[in-house]
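# Chain and residue survey
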Amino acid sequence: MQKTTLITGGAGYIGSHTALTLIEAGQHVLILDNLCNSCHESIGRLEHLAHARVDFVEGDIRDTPLLERLFSQYDIDAVVHFAGLKSVANSVCHPLDYYANNVVGTFNLCEVMARFNVFNLVFSSSATVYGEPAHMPIFEDAGTGVPASPYGRSKLMVEQLLADLARSEPRWSIALLRYFNPVGAHESGLIGEDPSGRPNNLLPFLTQVAIGRLPELTVFGNDYPTADGTCVRDYIHVVDLAEGHLKALQVLRRDPGIHTWNLGTGIGYSVLQMIRSFEDVTGVSIAFRFAGRRAGDIAQCWADASKARRELGWYARRNLEQMIQDSWRWQSSNPYGYRPPVELSAAFAH
Ligand code: NAD
Ligand code: WQD
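This section reports on the structure supplied with the text. Bear in mind the structure is a predicted one, so any value in this text is a computation, not a measurement. (Residues numbered from 1 in each chain as written. Chains lettered and ligands numbered in written order. Predicted model: local features only at pLDDT ≥ 70, side-chain atom pairs only at ≥ 80, totals over all residues. Heavy atoms only, no water.)

### A few points about empty space enclosed by the protein
Put simply, the test is: Think of a 1 Å grid over the protein atoms and nothing else: a 1.4 Å probe that fits but is trapped marks a cavity, an open set flanked by protein within 12 Å on at least five of seven lines marks a pocket, and residues with an atom within 4 Å of a point count as lining. Grid points are joined across faces, edges and corners, and a volume is the space filled by probe spheres set on the points. For helices the rule is a DSSP run of H or I covering at least 4 residues; for strands it is a run of E covering at least 2, with both sets numbered from the N terminus onward.
Per the stated rule, a full pass over the model turns up one cavity of 30 Å³ or more. The space that makes up the largest cavity amounts to roughly 140 Å³. Considering the residues around the largest cavity, the lining is formed by 16 residues, among which Glu193, Pro204, Thr207, Trp330 and Gln331 are closest to the centre. Among the elements of the structure, helix H7 (202-211) and helix H11 (320-333) are those that each provide at least two residues to the lining of the largest cavity. Among the elements that line the lining of the largest cavity, the one with the most residues is H7, at four residues.

Put into structure tokens, the structure is as follows:
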């Protein structure tokens with residue numbers, strides 16, 4: 001039987017790009033996703049790009065009998081674990097959903113993995129686990145801080161759970177990948193980020209203003225201690241991120257233990273720089289206004305990504321222009337993402 005990499009949450013934004021990267025590298029993948037924040041269409045598009053059928057199961061990582069069936073049916077030797085909820089604001093209103101999906105879901109997954117002797121795991125962590133670091137850039141050994149939301153705390157709890165597992169059983173080989181700010185889309189414009197409702201993140205908000213779905217961008221705060229007063233972040237192209245997962249899997253398969261890698265570019269851009277660059281690259285002007293700070297935002301955050309370069313042979317190759325170009329191609333060729341609104345679907349049908 002062919003070795004299989006299980007990708008939980010593989011119908012989502014980062015998962016779909018990673019699935020494509022792994023398939024292109026010759027791996028057999030199985031996607032498990034409950035579609036709570038994605039849809040079948042992304043799997044169809046993935047199959048189109050991969051020129052192959054993709055094994056997809058609609059289901060939840062908390063469904064133990066389902067996981068047992070999948071681990072029995074397929075020769076799974078590694079799991080890339082994206083499944084979870086990710087909205088910082090929503091997590092404040094619905095903390096139990098976040099602990100149930102992110103923490104209990106991961107607990108359940110690990111339990112079944114161990115029972116089936118599968119010990120290779122790549123986990124989607126986040127720079128949010130650093131809290132508000134005192135120094136930039138952020139190194140992996142800076143120590144974790146106090147994340148500002150239940151979402152962030154759920155990521156930190158999972159990191160701690162996985163560290164305990166690795167200490168308890170030497171066969172575990174775990175990568176904690178701390179993503180900075182993923183943006184962009186596959187260069188085909190066929191797969192990308194498809195937020196449901198009003199976007200929380202900067203880039204999808206910018207592209208939806210540019211396409212005319214939203215009237216203007218609100219810039220949260222212009223009194224931060226940064227060069228232009230707006231917050232600075234390390235934006236990273238989603239395909240670079242996907243390639244980081246491939247490299248991490250390769251290292252895990254030969255080097256057990258627990259590893260932590262920052263996946264960022266090492267370069268910070270302010271919100272105003274993002275707006276100006278977006279206008280320069282696309283030729284579309286962005287209406288924006290300043291408002292007060294958003295609760296929980298830190299002034300600045302960018303990675304030192306030299307550990308990933310040294311140990312994984314990985315670095316982010318795509319620059320800000322490519323991130324913006326690819327985000328814009330995705331948004332302009334799919335103004336309503338994967339799912340046109342009902343009234344538009346009806347219009348297409350006639
Ligand atoms: P996404 O919402 O697009 O993808 C997550 C996928 O998981 C979705 O398709 C969703 O339907 C699925 N899912 C959620 N709960 C599930 C469950 N219980 N069982 C099965 N499937 C479930 O999000 P994304 O941006 O692709 O993020 C992927 C991972 O990376 C998440 O764990 C997220 O927390 C983490 N992360 C994301 C960012 C970011 O800014 N996008 C940054 C750091 C970390
Ligand atoms: C970037 C900057 C905003 C929207 C979040 C999570 C983090 C990780 C990545 C999952 C900030 C400003 C934004 C808007 C704005 N996710 N902004 N107007 O907050 O750095 O990180 O996503 O793990 O955990 O917290 O990303 O894209 O929301 O914001 O001015 O409408 O853009 O204030 O300075 P953030 P973001």
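On we go from here.
### Things to note about the sheet that holds strand E1 (residues 3-8)
Threshold: When DSSP finds two or more bridges between a pair of strands, those strands are recorded as paired. Note on geometry: axes are C-alpha line fits, over the in-contact stretch for helices, and angles between N-to-C directions span 0 to 180 degrees. Contact criterion: two residues are considered in contact whenever any of their non-hydrogen atoms come within 4.5 Å of each other.
A sheet is described by the order of its strands in space; here seven strands give the open sequence E3-E2-E1-E4-E5-E6-E11, paired in parallel fashion. The outermost strands of the open sheet, each flanked by one partner alone, are strand E3 (55-58) and strand E11 (257-263). If you compare each strand with its neighbour and ignore which way they point, the axes differ by 20° on average. Inspection of the sheet shows strand E5 (residues 120-126) paired to strand E6 (residues 173-179) by seven bridges, in the parallel sense. Across the sheet, serine 125 pairs through a bridge with arginine 178, a residue of E6. Packed onto the sheet, helix H8 (residues 238-254) meets E1, strand E4 (75-81), E5, E6 and E11 and runs at close to 160° relative to E6.

### Some remarks on helix H3 (residues 64-73)
Convention followed: Each residue is placed in one exposure class: buried if its accessible area under a 1.4 Å probe, protein chains only, is under 20% of its type's maximum, exposed if it is over 50%, and partly exposed if it falls in between. Think of it as the arc spanned by the lines of direction from the helix axis to the C-beta atoms.
Of the positions making up H3, those classed as buried are Leu66, Leu67, Leu70 and Phe71. Taken end-on, H3 shows its buried residues confined to a sector of 130°, consistent with a single buried face. At its buried positions, H3 is contacted by E1, strand E2 (28-33), E3, E4 and helix H5 (95-115).

### Focus: the pairing of E5
Rules: By convention, a crossover is right-handed whenever its connection, traced from the first strand over the helix to the second and viewed with the strands pointing away, goes clockwise.
A large share of E5 lies buried, amounting to seven of its seven residues. Going residue by residue along E5, you find Asn120, Val122, Ser124 and Ser126 tucked away on one face and Leu121, Phe123 and Ser125 tucked away on the opposite face as well. Taken together, E5, helix H6 (residues 150-168) and E6 constitute a β-α-β crossover, and its handedness is right-handed.

### With respect to the site of ligand 1
This is how it is decided: Any residue with at least one heavy atom within 4 Å of a molecule or strand is counted as near it. Definition of a polar contact: a pair of N or O atoms within 3.5 Å, with one able to donate and the other able to accept a hydrogen when the atoms are protein atoms, and with sequence-neighbouring residues admitted only if both atoms are side-chain atoms. All accessible-area figures derive from a Shrake-Rupley calculation using a 1.4 Å probe, and residue coverage is judged against the displayed protein chains alone.
Around ligand 1, 27 residues are found, and the nearest of them are Asp33, Asn37, Ser38, Asn101 and Tyr151. Residue serine 38 places a side-chain N or O atom 2.7 Å away from an oxygen atom belonging to ligand 1. In this structure, phenylalanine 82 approaches ligand 1 through a main-chain N or O atom, which is 2.8 Å from an oxygen atom. The fraction of the free accessible surface of ligand 1 (810 Å²) that becomes covered by protein chains is 96%. Counting only elements with at least two residues in the shell around ligand 1, the list comes to helix H1 (13-24), E5 and H6.

### Section: the site of ligand 2
Operational definition: Domains are outlined according to an automatic or database domain assignment.
As a matter of local geometry, ligand 2 sits amid 19 residues, with Tyr151, Leu202, Thr218, Arg233 and Asp297 nearest to it. Tyrosine 151 is positioned with one of its side-chain polar atoms (N or O) 2.5 Å from an oxygen atom of ligand 2. A distance of 3.4 Å separates an oxygen atom of ligand 2 from a polar backbone atom of asparagine 200. For the shell around ligand 2, the secondary-structure elements that each account for two or more residues are H7 and strand E8 (217-220). Residues from two domains meet in the shell around ligand 2; each of domain 1 (3-184 + 235-263) and domain 2 (202-233 + 267-349) gives at least three.

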